[in-house]
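Coordinate analysis (summary)
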Amino acid sequence: MAGEAATSATGAADETVSWEVADRATDAGATPRRGFLHRVLRLLCGSFLATGLTALAATHLIWLLGTLRFLFPNVLIEAPTTFRAGPPDQLSPGAVDTRYVARFGAWIVRYVYDGRPQIYALRAVCTHLGCTPQWLEAEQKFKCPCHGSGFYKDGMHFEGPAPRPLERYAIRLAEDGQLEVDTSRTFQQELGEWQDPDCFVDA
Ligand code: FES
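Residues numbered from 1 in each chain as written. Predicted model: local features only at pLDDT ≥ 70, side-chain atom pairs only at ≥ 80, totals over all residues.

**Focus on the environment of C199**
- Mapped onto the elements of the fold, C199 is located in the loop between β10 (179-187) and β11 (201-202).
- Residue C199 is classed as buried on the basis of its 23 C-beta neighbours within 10 Å.
- Between the C-alpha atom of C199 and that of Y169, which follows or precedes it by 30 residues, the distance is 6.1 Å.
- With near-sequence residues (within four places) excluded, C199 lies in contact with Y120, R168, A170, I171, F187, E193 and W194. (Helix = DSSP H or I, 4+ residues; strand = E, 2+ residues; numbered from the N terminus. Buried ≥ 20, exposed ≤ 12 C-beta atoms within 10 Å, placed from the backbone. Contact = placed C-beta atoms within 7 Å.)

**Brief notes about unusual backbone geometry**
- Backbone geometry at D114 places phi at a positive 55°, although glycine is not the residue there.
- Assignment of secondary structure puts D114 in the loop between β3 (106-113) and β4 (116-123).
- One non-glycine residue, Q140, lies in positive phi territory at about 55°.
- By secondary structure assignment, the location of Q140 is in the loop between β5 (134-136) and β6 (141-143).

**Some points on the pairing of β3**
- Where burial is concerned, most of β3 is hidden: six out of the eight residues are buried.
- As paired elements, strand β2 (residues 96-97) and β3 share two bridges and run antiparallel to each other. For D97, the partnering residue across the bridge sits in β3 and is I108.
- In this antiparallel pair of consecutive strands, β3 and β4, the connection spans two residues, and D114 shows a positive phi of 55°. (Pairing = 2+ DSSP bridges.)

Okay, structure coming up:
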C-alpha cells in the first residue's frame with residue numbers, strides 16, 4: 001500500500017516536471033514577435049485604467065487624423081478647357097460636326113448667321129434645364145430629349161420650353177491652322193454676345 005502511494009506520488013511529481021519542461025520548451029520556441037505582442041496587449045488592456053487610457057488615446061488619434069484630412073483637401077484634376085477641332089476646310093458649308101460632344105460638350109458648325117458665313121462652336125447644353133440635345137441630321141435641328149425643346153442649326157430656339165438660344169463657346173484659328181475651341185468662355189445671343197469675333201471664325 002505504502003509502496004503504491006509512493007509510486008503514485010512519484011508519478012505525479014514526474015508529470016508536473018514534464019509539464020514545466022513542456023512549458024519552458026514552448027516559451028523557448030515562441031517567436032520574439034509573439035512575445036512582443038503579448039507584452040503590448042498586456043500593457044494596453046491589462047487593467048481597467050490601461051483599457052480606458054488606450055481608448056482615450058485611440059479617440060485622440062482619430063480626431064487628429066480627421067483634422068489632418070481637412071488640412072490636405074482632395075487634388076482636383078480638371079479636364080483641359082481648350083481643344084483642337086481640325087482645320088476649317090474639313091467642314092463643308094452647312095455641316096455639323098458632332099465628334100466633340102461626348103468629350104467636350106460642343107458641336108462645331110459651319111453655317112450662316114446674321115447673313116455672315118462662319119464657323120462656331122455651340123455648347124451642347126439645353127437652355128431649359130441642362131440636358132444634352134441631339135443633332136438630328138434628317139430634320140436639320142437640335143432636339144432635346146428631356147422636354148422637347150428644338151433649336152435650329154444656328155442655335156436659335158423655336159419649339160419647347162427652352163427660353164433662349166443655345167450658347168456658343170469661344171473659337172479661333174490657332175497658329176497651326178486648326179480651329180481651337182475654349183470651353184471656359186461662353187457667349188449668349190440674347191445679350192448680343194454673338195457679335196463678338198471671339199465666338200466665330202469667318203468661313
Ligand atoms: S432640358 Fe431640354 S427641354 Fe427641358
